[in-house]
Amino acid sequence: MRHFLADDDLTPAEQAQVLALAAELKHAPYDAKPLAGPRTVAMIFDKQTLRTQSSFAAGIAELGGFPMLVDGSLAGIGVRESVHDVARVLGRQASMIVWRTYAQARLEEMAEHSGVPVVNALTDDFHPCQLLADLLTVQEHKQQLAGLTVAFVGDGACNMGNSWLLAGATAGMHVRISSPDGYAPAQEMVDRAAAIAATTGGSAALEADPVAAVTGADVVVTDTWISMGKEDEAAARAAVFAPYSLTTALFEHAKPDAIAMHCLPAYRGKEIDAEVLDGPQSVVWDEAENRRHAQKAILTFLMEEATS
Ligand code: CP
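Description of the structure in this document. (Residues numbered from 1 in each chain as written. Predicted model: local features only at pLDDT ≥ 70, side-chain atom pairs only at ≥ 80, totals over all residues. Heavy atoms only, no water.)

Looking at unusual backbone geometry
Following glycine 37, the chain continues to proline 38 via a peptide bond in cis, the omega torsion being 0°. Locating proline 38 in the fold gives a position in the loop between α1 (12-27) and β1 (40-45). Here the amide bond leading from leucine 264 into proline 265 is cis, since omega sits at 5°, within 30 degrees of zero. Here proline 265 is to be found in the loop between β9 (259-262) and α12 (274-277). For leucine 122, which is not glycine, the phi dihedral falls at a positive 120°. Residue position: leucine 122 is located in the loop between β4 (118-120) and α6 (128-142). The class for leucine 122 is buried, based on a relative accessible area of 6%. (Helix = DSSP H or I, 4+ residues; strand = E, 2+ residues; numbered from the N terminus. Buried < 20%, exposed > 50% of the residue type's maximum accessible area, 1.4 Å probe, protein only.)

Encoded structure:
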């Protein structure tokens, strides 16, 4: 049974295949109905969401399926009953499970016991559906992925930093992560990305100086400094991350035709200037739309794998 729990669950060839399918589905959104029946896809959210819930619901409906929303706070997974038991129950109701939760281990346990494909809709460690959407967006704007340089500035130890390392390396990109001391991705994650990059022609590197990281980049990415669950650290983080804000001045070090990315929600004047987020080189609204097309593609891929 194939799942999509982390970005490197797809090989480079499979990632390219899923991105090509996403582009096809974007072009003709109502033609493909692999979830006709309708097949039910359970969507569970233990954390806040706008983009992920709406794009999965719309995408599943467009594929001919039924998006079954399971409120994580009502289900109480791991509290009211074990992940293992929930997996066995939902696997009897749904053809696939999409879950936004905290620890990656919870998602892995769901995948082990559900008997149906499980998709990571964000954990503390990874946000792989966002990265499929982001890579689709880069491909649309730059007509390539391999060989491009992407600089991620901000909290590199968060799910988006990890996912850019793995997904970017899988796509053959040169990934630079620039974070303050103590907020870099784990060395294990950098090594994991570097091992992939060695097979794709990409690279994975840490660069503490944000100006050095952004200089010459084709793509500049940031994310909120306060990931879900870190709200208590907001004041301390604002001070530590200030030099890593994606300001107009920092963005000017990238290539003249660089694009600016942010998975949203964004906090203007904190991790990104309004002039960058709302400026002509920002592609953030394309990223948000592309969640739907990219997720339709991974659901289609997993359904085909499960039924072949
Ligand atoms: N980017 C993203 O995952 O958005 P939501 O948290 O609103 O789902």
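Additional details are given in the paragraphs that follow.
A look at the pattern of salt bridges
Under the counting rule described, the total for this entry stands at 14 salt bridges. Between arginine 106 and aspartate 46 there is a salt bridge, with the nearest N and O atoms lying 3.1 Å from each other. Here arginine 106 is found in helix α5 (residues 104-114), whereas its partner aspartate 46 is found in the loop between β1 and α2 (51-62), with 60 residues between them in sequence. Across the pair, exposure class does not vary: arginine 106 and aspartate 46 are buried alike. Notably, a salt bridge pairs arginine 237 with glutamate 233, separated by 2.8 Å at the nearest N-O pair. Among the residues examined, glutamate 233 registers a relative accessible area of 33% and is labelled partly exposed. Three or more residues joined by partner-sharing salt bridges are found here, namely Arg2, Glu14 and Glu305. (Salt bridge = Lys/Arg side-chain N within 4 Å of Asp/Glu carboxyl O.)

Quick notes on the site of the ligand
Close contacts around the ligand come from Thr49, Leu50, Arg51, Thr52, Arg100, His127, Gln130, Cys263, Leu264 and Arg291, and that covers them all. Cysteine 263 is positioned with one of its backbone polar atoms (N or O) 2.9 Å from a nitrogen atom of the ligand. Burial of the ligand by the surrounding chains reaches 95%, relative to a free accessible area of 260 Å². Among the residues making up the shell around the ligand, the classes are represented as three nonpolar, four polar and three charged. (Near = heavy atom within 4 Å. Polar contact = N/O pair within 3.5 Å; in protein donor to acceptor, adjacent residues only side chain to side chain. Areas by Shrake-Rupley, 256 points an atom, 1.4 Å probe, with all protein chains shown as cover. Nonpolar A, V, L, I, M, F, W, Y, C, P; charged D, E, K, R; others polar.)

Let's talk about the packing of aromatic side chains
Scanning the model with the defined rule gives two aromatic pairs in all. Summarising the aromatic geometry, the rings of tryptophan 225 and phenylalanine 241 are spaced 5.9 Å apart at their centres and angled 20° between planes, so their arrangement reads as stacked. Residue tryptophan 225 is found in the loop between β8 (219-222) and α10 (234-241), and its partner phenylalanine 241 is found in helix α10; the two are separated by 16 residues along the sequence. For the residue pair tryptophan 225 and phenylalanine 241, the accessibility class agrees, reading buried in each case. (Phe/Tyr/Trp six-rings, centres within 6.5 Å; stacked < 30°, edge-to-face > 60°.)

Remember that the coordinates give geometry; whether it matters functionally is a separate question.
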